[in-house]
Amino acid sequence: MEVLPTLRRSLIVALALLLTACPRTSRTPSGGTTGEDVPTGDPFPKKPAIEVRKDASADAALAQARQTAQATPDKKQAAEAYLSVRKAYPATTAGQDALYQAGVLFFESKDYVNARKSFNELLFENPLYTQAEDAKRKLALSAMEVGAYRDAYQTLSSLAERAEGAEKEQLLRDAARAAEGAGLYGQSLTMAVEEAGQAKTQAERDAAVARVEALVEGRADFVDIARVADGLSPSNPAWPVLTFKLARVYYHLREWNRLEETLNRFLAEAPGSPFAPQARELLARATRRVEAKPRTVGVLLPMTGRYQPIGEAVLRGIQLGLEGSDIELVVKDTQGDVNKTGQAMEQLAFDDGAIAVLGPVLAEDSKRAALVAEELQVPLLTMTRQDGVTDLGAYVFRNMLTNAAQANAVADYAINVKGYKKFALLYPNIPYGVELANEFWDQVVDQGGVVRGAERYSHDQTTFTQEAKKLVGRYYLEDRGDYVEGVRDLQGENLDAFRRRKALEKVKSNVEPIIDFEAIFMPDDWRRVSLVAPALAVEDIVTNACDPRDLERIRKTTGKKELKTVTLFGANQWSSPKGRSGLPELIERGGKFVTCSVYVDGFFVDSQRPATRNFVRKYRESYKQETGKDPGLLEAIGYDSGRMLRQLVEKKEGAPRTRTQMRESLANLKDFDGATGRTSFNDKREAVKQLFLLSIDNKGVTEINVDKEREKAASATGGSGS
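First things first, this report covers the structure right here in the doc. (Residues numbered from 1 in each chain as written. Predicted model: local features only at pLDDT ≥ 70, side-chain atom pairs only at ≥ 80, totals over all residues. Heavy atoms only, no water.)

### A few points about the nonpolar core
Using the following cut-off: To qualify as a nonpolar core, a set must consist of buried Ala, Val, Leu, Ile, Met, Phe, Trp, Tyr and Cys residues joined through side-chain atoms within 4.5 Å. Only protein chains enter the accessibility calculation, which uses a 1.4 Å probe; a residue is then buried when its area is under 20% of its type maximum, exposed when over 50%, and partly exposed in between. Contact between two residues is taken to exist if any of their heavy atoms lie within 4.5 Å; hydrogens are not considered.
Of all hydrophobic cores here, the largest spans 70 residues; its most connected members are Leu425, Phe440, Phe569 and Phe615. If we ignore the near neighbours within four places in the chain, the residues touching Phe615 are Leu320, Phe603, Pro631, Glu635, Ala636, Tyr639 and Ala675. Ala247, Tyr250, Ala349 and Val396 belong to the second largest nonpolar core, which has 57 residues in total.

So this is what it looks like as structure tokens:
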């Protein structure tokens, strides 16, 4: 066997597979309100990014600590200066910077216990910290120094996945050192094999082979195993152990030719080995990898555990979509576990012969399933929001509402149908809000628009006076010439403290809002939207006057003739359940302040689209009594995904018989008329469809006929000669 020329590549692939099988826990940093009355930060809009609160006092304390540290020769004492800042100002950027600097000083002074403690605390609190990569590296090296080899290995391996060049090589070397710990398993394996070959008695031989088996299983790496096995005579008692282990490694690396070659040689040289039955089954399984049953479809969903409701919802949709067909549905329970997902994907490919697989939904499950699907070349139609999942291979497709699709739909409607060009952003400081705000900003710029203002707020905030004032230029009053002039006029008047305070309040109230935007994009939950909209009205941002007569009434009521209307736009989390009145709770809570707003979703239960109405009717007949609820996006996506495969499998001519043919059929699917819209797959195998744009009035939520409005807008533009 010529294994040594490929050892380096195979080891890297083996490490990658091991890493994808390891579950990772992700933590989202919590946000909070600043609690400050004094304006801080940059008043001008910037690209959204998750940040913690800045504090002037904390920044000053950090600067003082830095001076103290520089003047202190003992690095441990210098670290304590930073920790005092951290203790005094824990929820600030300065506090986090101080914690990082303390960790660096502990690390440099070889106090690895405290270095590890500092970096762990920093990364747990804010995994997106600007120096997170360096902190993780030093954390891992500290862990290795105190004997926590497993923690060090996991961190270094994760860093190596994202690194390149010399840095990646160094990280992999460090990871290998951490993985080895104190053991030198390659040398031990060589000695054990030699001992087995030289054994004089059966007992000695058995003991040596047992030692080889122990080293091979979970200790010696593939390179060492292949090196020792290369050129080893089959007469050596350890040869079957090493050779069968190599075969199993080739199986996991998907090196099918080498796998079959190794297994055939193994069965020819050692047919009576205890491993022979497993070798025959592995060889048979490898042969079955290219065999597919044209009418068998696999499903990967969490059917037990904390995500069970999600799995059940999607499965109801899939089963409804396949109702009445003879397609065999093989459902595997992932339990929300990435390792079980990978195993289930292999079972569907090798044992069940699925021609295609539906799911998973969860992000990490989907990435693992996508990797295995690409390795085994099984078409996978996943229903996850995970970014970049289709980039993992040509056999990976996605049918799910994404943040990018929502941002694109809203921007296209606002700019190309409504004719808006100037926008503001108001969004929560959580990944969902930040990502959608970024996506929307990019879409606006790409389509010729401009963002005039951007404000973020804490995810648990309940008052929004400051954010509304900032949007209209009433917060940083010192930058307003009219305010400064008004204050200057007061200085010449002889007023007592009370009258001066009243006069100053009047000057502030007379500062006119600067509303230089036509629309506000607010990607947040409907509960928060119902609180924000009234706060905007206080600052003369009129969002509920889509009818000119309404605007005229507001002008008369307020006495302000220069009021401008602003349209609120939102994303799918604006969708709310119906309240006691029968109206969506967003309208019940937000009242008139949310009327005239528009938001986007991937499904609308009251849509008049024929395919959507048909799905809703069928779902209510089959499941309404059981669940007590109407279908949502998950059920609709499952239904459409199941029907897509059904349509391809049941084609009278040209139905796919192999997985390769199924992949091509899915890639060429165009204008599939489903409950979630007319769907096609683009060149990245992402589902492209017309989303549901929904308008709010005091009677409820209605779907916008975008095509008609687009035609009307085009006609109006043509008529004006522009």
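### Things to note about unusual backbone geometry
What counts is decided by this rule: Secondary structure elements follow DSSP: runs of H or I no shorter than four residues count as helices, runs of E no shorter than two count as strands, and numbering proceeds from the N terminus.
Across the junction of Gly359 and Pro360, the peptide omega takes the value -5°, indicating a cis bond. Assignment of secondary structure puts Pro360 in the loop between β3 (354–358) and α17 (363–376). You will see that Gln335, though not glycine, has its phi angle at about 60°, which is positive. In this fold, Gln335 is placed in the loop between β2 (328–333) and α16 (338–350).

### Here's the deal with the sheet that holds strand β15 (residues 700–703)
For sheets, the rule is that strands pair by backbone hydrogen bonds, running either parallel or antiparallel. What counts is decided by this rule: A pair of strands is labelled paired if DSSP reports no fewer than 2 bridges between them. To obtain each axis, a line is fitted to C-alpha atoms, and for helices this fit is confined to the stretch in contact; angles are then taken between N-to-C directions over 0 to 180 degrees.
Spatially, β7-β6-β8-β9-β10-β14-β15 is the arrangement adopted by the seven strands of the open sheet, whose pairing is mixed. In this open sheet, the two edge strands, each paired with only one partner strand, are β7 (450–457) and β15. Taking each pair of neighbouring strands and ignoring which way they run, the sheet shows an average axis angle of 25°. As paired elements, strand β6 (residues 422–428) and strand β8 (residues 519–521) share three bridges and run parallel to each other. Bridged to Ala424 within β8 is Ile520.

### With respect to the side chain of Arg285
Spelled out, the test is: Here a polar contact means two N or O atoms within 3.5 Å. Within protein one must be a hydrogen donor candidate and the other an acceptor candidate, and residues neighboring in sequence count only if both atoms are side-chain atoms.
As for its position among the elements, Arg285 is in helix α14 (residues 276–288). Exposure remark for Arg285: the relative accessible area of 14% places this residue in the buried category. At a separation of 2.7 Å, a polar atom in the side chain of Arg285 contacts the side chain of Tyr251. For Arg285, the residues in contact, after removing those within four places along its chain, are Tyr251, Glu346, Gln347, Phe350 and Asp351.

### Quick word on the environment of Lys564
Summarising the element assignment, Lys564 is placed in the loop between α24 (548–558) and β9 (567–570). The class of Lys564 is partly exposed, set by a relative accessible area of 47%. Along the sequence, Lys564 and Glu518 sit 46 residues apart, while their C-alpha atoms lie 8.2 Å from each other. Other than its neighbours up to four places away in sequence, Lys564 contacts Ile515 and Val542.

### A look at helix α10 (residues 202–216)
In an α-helix, one turn spans 3.6 residues, which is why side chains three or four residues apart end up on the same side. What counts, and what does not: Multiply 1.5 Å by the residue count of a helix minus one, and that product is the helix's expected span. Relevant arc is that of directions from the helix axis to the C-beta atoms, nothing else.
Taking 1.5 Å as the rise per residue, α10 with 15 residues should run 21 Å; its terminal C-alpha atoms sit 21 Å apart, in good agreement. For α10, the set of buried residues is Ala208, Val209, Val212, Leu215 and Val216. End-on view of α10: buried residues confined to an arc of 120°, all on one side of the axis. Backbone geometry just after α10 places Gly218 at a positive phi near 95°.

### Digging into the environment of Thr567
Tracing the backbone shows Thr567 in strand β9. On the basis of relative accessibility, which here comes to 14%, the residue Thr567 falls in the buried class. Placed 23 residues apart in sequence, Thr567 and Asn544 show a C-alpha to C-alpha distance of 7.9 Å. Contact partners of Thr567, with chain neighbours within four places excluded, come to Tyr420, Glu518, Ala519, Ile520 and Cys596. Within the structure, the side chain of Thr567 is placed 2.8 Å from the side chain of Tyr420, a separation counted as a polar contact.

### Looking at the sheet that holds strand β12 (residues 677–681)
Ordered in space as β11-β12-β13, the three strands form an open sheet in which the pairing is antiparallel. This sheet does not close on itself; its edge strands, each paired only once, are β11 (672–674) and β13 (687–689). Each strand axis lies, on average, 40° off the axis of its neighbour in the sheet, ignoring direction. Sheet topology note: the β12/β13 ladder contains three bridges and is antiparallel. Its bridge partner lying in β13, Phe681 is registered against Ala687.

### A word on the packing of helix α13 (residues 256–269) against α14
What counts, and what does not: The hand of a helix crossing depends on one turn: near helix anticlockwise from the far one by less than a right angle means left-handed, and clockwise means right-handed. Residue classes follow a fixed rule: Ala, Val, Leu, Ile, Met, Phe, Trp, Tyr, Cys and Pro count as nonpolar, while Asp, Glu, Lys and Arg count as charged, and any other residue, Gly among them, counts as polar.
As a packed pair, α13 and α14 sit with axes 10 Å apart at the nearest point and diverge in direction by 150°. α14 is crossed by α13, and the crossing has left-handed handedness. Of the residues in α14, those in contact with Trp256, Leu259, Glu260, Leu263, Asn264, Phe266 and Leu267 of α13 are Ala276, Ala279, Arg280, Leu282, Leu283 and Ala286. When its residues are assigned to classes, the contact of α13 with α14 shows 10 nonpolar, one polar and two charged.

### Describing the side chain of Glu686
Positionally, Glu686 belongs in the loop between β12 and β13. Judged by its relative accessible area of 17%, Glu686 is buried. Other than its neighbours up to four places away in sequence, Glu686 contacts Thr390, Arg398, Ser680 and Phe681.

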